[in-house]
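Each chain, letter by letter, is given below.
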Amino acid sequence: MRTVPIVLAGVVALGLLSAPASGADGVAAGPTWSPGTPDVVIAQAAQGKKLHFPNAERLADGSIVAVAREGAGHTGQDGRLLLLTSDDGGQAWSEPEVVYDSQYDDRDPMITQLASGRLLLSWFQIDYSVTPAEPMGTRVAHSDDGGETWSAPVVVESMLSGESDIVDTYELGWNGSHGQVKELPGGDLIIPLYGTVPDDKWQKATVVRSTDGGETWSAATESMVASATSTHYQEPVLTVLPGGVVHALLRIGTAASTMGAVHSQESWSRDGGRTWSAPAEIDLVTSSAHTEVLRDGSVFLAYGDLSGHFTDRRGTVGAVIRSPQSPWNGAARELVWDSGTGDQANPAVVEVRPGRVLVIGFDSAASRLVGTFVSVSEIRPDRPDPRRVDLAALVSSGAATVSTDLTHVQAGRPGVGVLGALDGVVGYWDAAWAPRAAPASYTVEFAESRRVSSVGVALKPGYASAATVSVRSGGAWRDVGTLDSAVRWGDDLTWFDAPGMADAVRVTITSSNGWAVLAELGVRAPGA
């Protein structure tokens, strides 16, 4: 996430700040993949169906096994589980095969390989034939022949079950799971659950243990990870780190919404999942996540981003946790996949070779599973940009002024406003907005003419927009660059050469998909 610290003291005289660098003049730096164009189509759904909720595991022999749900929609009684494999690092895939199809909605499948070679398939079920819909609990099946045949599923017993008199989303205690079974040193297994106990609507997170390779799961082994009034703890995802330390990543919901931009929390266990630290907030806003411990010891985290930073949709973001036994704050991150619809995320990630991962997502509109290959080294911390002028500081000191018709403000979105385009954050909700479509313009005028080298612009993330970039000197405007109408993602500005003196810079948004938005305007001074 490209964030420019705005520090007034000591920078106003020069108007410079140590901002992240974002590419050479005239181009937008960024990752080599395109979030709107997958590298590989993994599977196509059957006619009239859609594919959702992929999960994957790299097996001991180097092949990849993936699972997904197929059904007519995001939810529904026809949900069934599919399995497919790849023997070439995720480039080509077998035809999907049905691995489980009950009378209920079988959903959120997870696949794990144990040290013994056994595969474990876990998922939960919902009965949509009744009103309100009734969760049927979490199941686990195992295969000892590489997925050719599977055992009958067993129920994961849990305190998150039982009858209740509360009429809320559901009328009973219930549980689901959106995290893989994890094997601990010594062979015990733990599965993360979330749900409610009878007579308490607030969702809790727990883990249940198996000591026999996943064949039984007793509620007597269950440990509470997180529970609090007024907080929903959802979709716990476990990561087993060196030494047997277990990290739990927790999606957070509130009474207002389970899809809001609420920071995630984390909890730690240092005794094999029996006891857990008090949950602590981190600076990620995650949903439906998956983690992969990489061969260099870092962790790749793929998740549906609810922050509203990259887009207003739940795009898939990849983050690299380089010190995973410390709090998961400050991670470098990039948008990996955006299908262009609201029904997305729930990604999976596998390391196909050292330093290179495959992030699997779904394209609901095209009814397919897709994959994007990511070089982990491309997700890196921001580099200082000593030539970047702190426009916000100049405006605050009176050394510059802004004139614009992008004046929209929005309750609950403090980053939306005139100065949102100068705040150092290239974000969907950290921007200057016009309450209408283009045309719109944004001009920064300097109290005194100043020497500049380039001007950088970021438009509405995730939506097609076009703009012309201009500078003024001696009362005469000249165009220095044009952004054609195209969808752009990511945190980087597109920079245009603009050498010389300037007393103003202007961005004219000439076309937009929906309301016109200027996510960020930047100016660079010449180097020393």
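Above this note sits the structure.
Our subject in this report is the structure included herewith. Given the structure is predicted, the values throughout are model-derived calculations rather than measurements.

### A look at the pattern of salt bridges
Pairs can form between side chains of opposite charge whenever their charged atoms are close.
Phase 1: Overall, the coordinates contain 20 salt bridges when judged by the stated rule.
Phase 2: Between Lys-49 and Asp-78 there is a salt bridge, and its shortest N-O distance comes to 2.7 Å. Highlighted residues: Lys-49 in the loop between β2 (40-44) and β3 (50-58) and Asp-78 in the loop between β4 (64-71) and β5 (80-86), separated in sequence by 29 residues.
Phase 3: By relative accessible area, Asp-78 is classed as partly exposed at 26%.
Phase 4: We note a salt bridge from Asp-144 to Arg-118, for which the minimum N-O separation is 2.8 Å. With Asp-144 in the loop between β9 (134-143) and β10 (154-155) and Arg-118 in the loop between β7 (105-113) and β8 (119-127), the pair connects residues that are 26 residues apart, well separated along the chain.
Phase 5: Members of the salt-bridge network, linked through shared partners, are Arg-69, Asp-105, Arg-107 and Asp-108.

### Remarks on the sheet that holds strand β26 (residues 356-363)
Phase 1: As summarised here, the arrangement of the 4 strands in space is β2-β27-β26-β25, forming an open sheet in which the pairing is antiparallel. Because the sheet does not close on itself, it has two edges, and the strands there are β2 and β25 (348-353). Taking the axes of each pair of neighbouring strands and ignoring which way they run, one obtains an average angle of 30° across the sheet.
Phase 2: Alignment of β25 against β26, held across 5 bridges, turns out to be antiparallel. Its bridge partner lying in β26, Val-350 is registered against Leu-358.

### Some words on unusual backbone geometry
Phase 1: With an omega dihedral of -5°, the bond running from Thr-131 to Pro-132 counts as a cis peptide bond.
Phase 2: For Pro-132, the position within the fold is in the loop between β8 and β9.
Phase 3: Unusually for a residue other than glycine, Asp-108 sits at a positive phi of about 50°.
Phase 4: As for its position among the elements, Asp-108 is in strand β7.
Phase 5: Positive phi, normally seen in glycine, also occurs at Ser-230, with a value near 75°.
Phase 6: Within the secondary structure layout, Ser-230 lies in the loop between β16 (223-226) and β17 (232-240).

### What to know about the sheet that holds strand β19 (residues 265-269)
Remark on secondary structure: sheet strands pair via backbone hydrogen bonds, oriented parallel or antiparallel.
Phase 1: Reading across the sheet, the 4 strands line up as β17-β18-β19-β20 and stay open at both edges, with antiparallel pairing between neighbours. Two strands close off the open sheet at either side, each with one partner strand: β17 and β20 (280-281).
Phase 2: Bridge analysis of strand β18 (residues 246-253) against β19 gives 5 bridges, and the strand direction is antiparallel. By the bridge assignment, Leu-249 is partnered in β19 with Glu-266.

### Focus: the environment of Asn-513
Phase 1: Considering the arrangement of structural elements, one finds Asn-513 in the loop between β34 (494-512) and β35 (517-524).
Phase 2: Look at Asn-513 and you get partly exposed, because its relative accessible area is 44%.
Phase 3: Between the alpha carbons of Asn-513 and Ala-438 there is a distance of 8.4 Å; along the sequence they are 75 residues apart.
Phase 4: Setting aside anything within four residues of it in sequence, one finds Asn-513 in contact with Lys-460, Tyr-463, Ala-464 and Ser-465.

### Quick word on the pairing of strand β24 (residues 332-337)
Phase 1: Most of β24 sits inside the fold, with 6 of its 6 residues counted as buried.
Phase 2: Both strand β23 (residues 316-321) and β24 contribute to a ladder of 5 bridges, which runs antiparallel. The partner of Gly-318 across the bridge, within β24, is Glu-334.

### Focus: the environment of Thr-443
Phase 1: In this fold, Thr-443 is placed in strand β31 (residues 440-459).
Phase 2: For Thr-443, the contacting residues outside a window of four places in its chain are Thr-401, Val-402, Ser-403, Trp-477, Ala-504, Val-505 and Arg-506.

Rules used throughout
- Residues numbered from 1 in each chain as written.
- Predicted model: local features only at pLDDT ≥ 70, side-chain atom pairs only at ≥ 80, totals over all residues.
- Heavy atoms only, no water.
- Salt bridge = Lys/Arg side-chain N within 4 Å of Asp/Glu carboxyl O.
- Helix = DSSP H or I, 4+ residues; strand = E, 2+ residues; numbered from the N terminus.
- Buried < 20%, exposed > 50% of the residue type's maximum accessible area, 1.4 Å probe, protein only.
- Pairing = 2+ DSSP bridges.
- Axes fitted to C-alpha atoms, helices over the stretch in contact; angles between N-to-C directions.
- Contact = heavy atoms within 4.5 Å.

On their own, these measurements won't tell you what the molecule is for.
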